[in-house]
Amino acid sequence: MSSGRIPQAPGGAQGAGASTAESPERATALVASVTTAARAAQRAIAGAPRAVKDNALHAMADALLAQAGPILAANAADLARGRQEGMRPGLLDRLALDPERLEAIAGALREIAALPDPVGQIVDGSVMPNGLRVRRVRVPMGVVGMIYEARPNVTVDVAALAIKSGNAVVLRGGSAAQASNAAIVEALRGALAAQGLPADLVTTVDSAGREGARALMHARGLVDVLVPRGGAGLIRAVVEESTVPVIETGSGNCHIYVDASAEPASAVDIVVNAKTQRVGVCNAAETLLVHQGIAASWLPRAAQALWSRGTILHADAAAREILRGPAAADSHQDLLVEATEEDWGTEYGSLDLAVRVVPDLQEAIEHIRAHTTGHTEAVLAQDTAVITAFIAGMDSAAVIVNASTRFTDGGQLGLGAELGISTQKLHARGPMGLAELTTTMWIVEGDGHVRP
């Protein structure tokens, strides 16, 4: 049984947060070693009773809190380096841990422990006309690879979901969060070992740097599925280069359409929450579309609320004309800029919001279809016909009615945590939880049946 120590690339630097510029050959050797160990570890948990997995999750939560000092110190070092290197505020927010966030991350582990075990669940079943008894049951994927950026909470979420669903996970968390991830993984591995489980259920190839990520993409046969989570560039690189099957998560150019029938005060609150509650996340709103029938009366109210939180509005001509009127405070005019064509397709990850006035629902739908990344779209309306037509016109992973886009989140939707938000249409779509880390097995039982 492996210890809690994180494997290092052959000849690489030791210790939390250490990084080396690895050659492709050395990175490939590390990935082969780590994934082979992960495969062996996964066999020990694939059919484990629920109590074993749940106890491990509680032990992992306890370990995170017990090791809060070293974890937060490592995170402070990552944040200091990020600021020095000019990391954007939204990315710094994703990277940052504090006692409250660490407590919430540990709480997510306990929430996942309380969820039903997906392994062995019967998806469907029937008795064939010839008497064969057929059923499909959920089984673990096996070894899951994860490539992600500057999000130490993902390290915990993915590890927890993998273990609960009977999988092992191999992580590549990115250099921006390397010290944080190393400290977290050490705590998780130690907790697993203390529970009598293989520490190699959770491991990392961070020590191999970018070459480790590339080697993970090409570890077909060693890794069963690979999930990228981060910016559009990272996701595109993994999808295009990987020979391992990929579940594609997507960037979030999320839209909100405010219909003429929307309840005005509620609509302001929702838009402000969707944009400003946490800007560096993929489910934050990036584009606001407002029906012209409500724009003159409603848009200035919404703008004032957004401006009070420092939001820059990238507005089209119609919106700028409204917002430059008497209702707009002169002190906020530096927060009103002209929208360009590029703005409609931008995931800002900052206090910026593209704003357009549209003549009707159909124009809003057409705009979203032209610029969506397939993540989340919201409609604010009281007219049920508008709501029905909006939902029918969307082709995204999530459509939200009269609520903030920030609810497209595994934790908010009862999954405990999430692997990511899938914007593809195969196997998984939307927030991915325990079920999405399983596949199915056909079980066919007969009584001496032979095929005629």
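Residues numbered from 1 in each chain as written. Predicted model: local features only at pLDDT ≥ 70, side-chain atom pairs only at ≥ 80, totals over all residues. Heavy atoms only, no water.

Because each turn of an α-helix spans 3.6 residues, side chains separated by three or four positions in sequence point in the same direction. Between its first and last C-alpha atoms helix α11 (residues 292–307) spans 21 Å; for 16 residues at 1.5 Å apiece the expected length is 22 Å, and the two agree. For α11, the principal kink sits at W298 and spans about 50 degrees; a proline, P300, occurs within the next four residues. If you check which residues of α11 are buried, you get I294, A295, W298, L299, P300, A302, A303, A305, L306 and W307. (Helix = DSSP H or I, 4+ residues; strand = E, 2+ residues; numbered from the N terminus. Expected span 1.5 Å × (residues − 1). Bend = angle between axes of the 7 residues up to and from the residue. Buried < 20%, exposed > 50% of the residue type's maximum accessible area, 1.4 Å probe, protein only.)

A few words on the pattern of salt bridges. All chains considered together, the criterion is met by 19 salt bridges. A salt bridge links E418 to R229; the shortest N-O distance between them is 3.3 Å. Placement of the pair is E418 in the loop between β13 (398–401) and β14 (421–422) and R229 in strand β6 (residues 225–229), with a sequence separation of 189 residues. With relative accessibility at 6%, the residue E418 sits in the buried group. Since its relative accessible area comes to 10%, R229 is described here as buried. K275 is paired through a salt bridge with E286; the nearest N and O atoms lie 2.8 Å apart. In this pair, K275 sits in helix α10 (residues 264–276) while E286 sits in strand β8 (residues 285–291), placing the two residues eleven residues apart along the sequence. Like K275, the residue E286 is buried in the burial classification. Here the residues in one salt-bridge network are R50, D54 and K164, joined through shared partners. (Salt bridge = Lys/Arg side-chain N within 4 Å of Asp/Glu carboxyl O.)

Right, let's talk about the nonpolar core for a bit. Counting 76 residues, the largest nonpolar core has M60, L64 and V202 as the members making the most contacts within it. Beyond its immediate stretch of four places on either side in the chain, M60 contacts L109, A159, A160, I163, L188, A191 and L192. If you look at the next biggest cluster of nonpolar residues, it comprises 33 residues, including A274, L288, L336 and I400. (Core = buried A, V, L, I, M, F, W, Y, C linked by side-chain atoms within 4.5 Å. Contact = heavy atoms within 4.5 Å.)

Time to look at the packing of helix α6 (residues 152–164) against helix α7 (residues 178–194). The relative placement of two packed helices is expressed as an angle between their axes plus a distance between the axes. Where α6 contacts α7, the axes come no closer than 9 Å and their chain directions differ by 25 degrees. The angle between α6 and α7 falls in the class roughly parallel. At the point where α6 passes α7, the crossing takes the right-handed sense. Counting all contacts with α6, which are made through P152, T155, V156, A159 and I163, the residues of α7 involved are S180, N181, I184, V185, L188 and L192. (Axes fitted to C-alpha atoms, helices over the stretch in contact; angles between N-to-C directions. Parallel < 35°, antiparallel > 145°, perpendicular 65-115°, else oblique. Left-handed = near helix turned anticlockwise from the far one by under 90°.)

The two faces of β13 differ: A398 and I400 on one face are buried, but V399 and V401 on the other face are not. Note: strand β12 (residues 376–380) against β13, four bridges, orientation parallel. Of the residues in β13, the one forming a bridge with E377 is V399. For the handedness criterion, the β-α-β arrangement of β12, helix α14 (residues 384–393) and β13 is classed as right-handed. (Pairing = 2+ DSSP bridges. Right-handed = clockwise from strand over helix to strand, strands pointing away.)

Attention now goes to the packing of aromatic side chains. Here the distance between the centres and the angle between the planes together describe a pair of aromatic rings. Taken as a whole and judged by the stated rule, the model has one aromatic pair. Here Y257 and F390 contribute two aromatic rings whose centre-to-centre distance is 6.3 Å and whose plane-to-plane angle is 10 degrees, an arrangement assigned as stacked. Taken as a pair, Y257 in strand β7 (residues 254–258) and F390 in helix α14 lie far apart in primary sequence, 133 residues in all. F390 gets classed as buried once you look at its relative accessible area, which sits at 0%. (Phe/Tyr/Trp six-rings, centres within 6.5 Å; stacked < 30°, edge-to-face > 60°.)

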